[in-house]
Amino acid sequence: MKPINEKYTVLNKGETKRKIKIVDRWIDLAPYMQSLLRIVAAAMFITAGTIKLFGFPMGMPPAGGTVNLFSELGLAGILETFGGALLLIGLYTRPIAFLLSGEMAVAYFQGHFPQGIWPVMNGGMNAILYCFIWLYLSAAGPGTWSIDSMRKK
């Protein structure tokens, strides 16, 4: 079957059939869902950084303090807090998301993978999910609700 346009599909020798409207409407929401994914993931991601930098909403385990700002974990906290904030508002989404994707890959392979191969057992599920969410957004862009989208207009 070849699509004639977005709303119709060719069946046999010129016959057409209208697609289901709910599917059309759901597909039309993709750019908004993309924005929603970016916003929710960034809001959660910021807290990973605020824990490291400010001890908020809780301190770094096990002692409950903060990390040294001039350490690798300090750099991670800066990237997570301020990179996450840029993703939250959708500013410079593609390069920031690419950078944060790399940060999460490093976090996984340095911090989690040495503890075992299975992410569910080595505590690396969040790192892998964030890595691929950010990688997706670096390619797909921020979605409709973003400063990047407003700047293009």
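Details of the structure are given in the entry above.
What counts and how
- Residues numbered from 1 in each chain as written.
- Predicted model: local features only at pLDDT ≥ 70, side-chain atom pairs only at ≥ 80, totals over all residues.
- Heavy atoms only, no water.
- Core = buried A, V, L, I, M, F, W, Y, C linked by side-chain atoms within 4.5 Å.
- Buried < 20%, exposed > 50% of the residue type's maximum accessible area, 1.4 Å probe, protein only.
- Helix = DSSP H or I, 4+ residues; strand = E, 2+ residues; numbered from the N terminus.
- Contact = heavy atoms within 4.5 Å.
- Patch = residues over 30% accessible without salt bridge, like charges linked within 9 Å, V, L, I, M, F, W, Y side chains within 5 Å.
- Areas by Shrake-Rupley, 256 points an atom, 1.4 Å probe, with all protein chains shown as cover.
- Salt bridge = Lys/Arg side-chain N within 4 Å of Asp/Glu carboxyl O.

Enquirer: Looking at this structure, how should I read the nonpolar core?
Expert: As a rule of thumb, nonpolar side chains are buried together in soluble globular proteins. Formed by 15 residues in total, the largest nonpolar core has its most connected members in F45, L87, L100, M104, Y130 and W134. Mapped onto this core, the elements with two or more residues apiece are helix 2 (30-54), helix 4 (93-112) and helix 6 (125-140). Sorting elements by how many residues they give to this core places helix 6 first, with 6 residues. With sequence-adjacent residues up to four places away left out, L100 is seen in contact with F45, L79, G83, G84, L87 and W134.

Enquirer: Would you mind going over a nonpolar patch on the surface with me for this structure?
Expert: A surface patch of nonpolar side chains, amounting to about 790 Å² of accessible area, comprises W26, L29, Y32, M33, L36, V40, M44 and W145. Within the secondary structure, M44 sits in helix 2. For M44, a relative accessible area of 49% corresponds to the partly exposed category.

So far we have only geometry, and geometry alone does not tell us how the molecule works.
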